[in-house]
Amino acid sequence: MTAVLCAFVCLPARAEGRDWRFGVQGSLGAASGDLKDTTRGNPSLDLGGFAQRPVREDDQVRFRLDGLFFSAAHRTGTGSTAGVAWTRRLDTRVQGWSLGAEYLFGHPFGLARLRAGGGVAAVRWTVDSTSTLDIPGAGTVVEASRPA
């Protein structure tokens, strides 16, 4: 869908001689819900880039690629089963990539610095986790889940 929208909007841009504008953005974010549990509530860093061009009057189309990166979360727990003590460590790293396109209407309600619009995006989340179970005298078991 994004590729079709890009082709539809990009081809007329060369014929009309309209200028493309490029930019980068960054932000800090906070997780909520299940994601907050997985990342232990650590803040995230969002970095991205975009390309946009006017399509008519003050309206614009923007294509963007964003990466959302959470710092690694580490959890350690201890316990015993049948009189045998154990220690478990869980390391988790979460990140997301987003590719999207937006149509922005220029100056809604007569406000010069405001834009409103809508768009579509595809988001791919990855969770990389490693669980280490250490049982003194018996050894260590490591299970890893790596994104493909």
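Details of the structure are given in the entry above.
Residues numbered from 1 in each chain as written. Predicted model: local features only at pLDDT ≥ 70, side-chain atom pairs only at ≥ 80, totals over all residues. Heavy atoms only, no water.

Colleague: Please provide a residue-by-residue account of the overall build of the protein chain, values included.
Modeller: When helices and strands are tallied, the protein chain shows two helices and seven strands. When the helices and strands of the protein chain are placed in sequence order, the string is α-β-α-β-β-β-β-β-β. By residue count, 23% of the 148 residues in the protein chain fall in the buried class. Considering only intrachain contacts with a sequence separation of at least 6, the fraction spanning at least 24 residues in the protein chain is 56%. With an accessible surface of roughly 9900 Å², the protein chain has 58% of that area assigned to carbon and sulfur atoms. (Helix = DSSP H or I, 4+ residues; strand = E, 2+ residues; numbered from the N terminus. Buried < 20%, exposed > 50% of the residue type's maximum accessible area, 1.4 Å probe, protein only. Contact = heavy atoms within 4.5 Å. Areas by Shrake-Rupley, 256 points an atom, 1.4 Å probe, with all protein chains shown as cover.)

Colleague: Could you give an account of the packing of aromatic side chains, naming the residues involved and the relevant values?
Modeller: The description of an aromatic ring pair uses the distance of the two centres, along with the angle that the planes make with each other. The full count for this structure, using the stated rule, is three aromatic pairs. Between Trp-20 and Phe-63 the ring centres are 6.2 Å apart and the planes differ by 40 degrees, which places this aromatic pair in the tilted class. Taken as a pair, Trp-20 in the loop between helix 1 (2-16) and strand 1 (21-29) and Phe-63 in strand 3 (residues 59-70) lie far apart in primary sequence, 43 residues in all. By relative accessible area, Trp-20 is classed as partly exposed at 30%. Judged by its relative accessible area of 13%, Phe-63 falls in the buried class. Ring centres of Tyr-103 and Phe-105 lie 5.0 Å apart, and the angle between their planes is 65 degrees; on these two criteria the pair is classed as edge-to-face. Phe-105 gets classed as partly exposed once you look at its relative accessible area, which sits at 41%. (Phe/Tyr/Trp six-rings, centres within 6.5 Å; stacked < 30°, edge-to-face > 60°.)

Colleague: Can you explain the pairing of strand 1? Please cite residues and give values.
Modeller: The buried count for strand 1 comes to zero of nine residues, which makes it a mostly uncovered element. Examined bridge by bridge, strand 1 and strand 2 (residues 44-56) share nine bridges and lie antiparallel to one another. Looking at strand 2, one finds that Gly-26 is bridged to Leu-47. (Pairing = 2+ DSSP bridges.)

Colleague: Summarise unusual backbone geometry; cite the residues concerned and give the values.
Modeller: One non-glycine residue, Ala-82, lies in positive phi territory at about 55 degrees. Examined against the element boundaries, Ala-82 turns out to sit in the loop between strand 4 (73-81) and strand 5 (84-106).

Colleague: A description of the pairing of strand 4 should follow, citing residues and the corresponding values.
Modeller: Regular strands have side chains that alternate between both faces of the sheet. In the sheet, strand 4 pairs with strand 5 via nine bridges, with the strands oriented antiparallel. Each residue of the ladder has a partner; that of Ser-80, found in strand 5, is Ala-85. In this structure, the hairpin formed by strand 4 and strand 5 is closed by a connection of two residues, where Ala-82 is found at a positive phi of approximately 55 degrees.

Colleague: Help me get a handle on the pattern of salt bridges, residues and values and all.
Modeller: With the rule as written, the count across this model stands at five salt bridges. With a shortest N-O distance of 3.3 Å, Arg-56 and Asp-59 are connected by a salt bridge. By relative accessible area, Asp-59 is classed as buried at 9%. Measuring nitrogen to oxygen at the nearest pair gives 2.9 Å for the salt bridge that ties Asp-66 to Arg-64. When its relative accessible area of 9% is taken as the criterion, Asp-66 is described as buried. Each of Arg-62, Arg-64, Asp-66 and Glu-102 takes part in a single network of salt bridges with overlapping partners. (Salt bridge = Lys/Arg side-chain N within 4 Å of Asp/Glu carboxyl O.)

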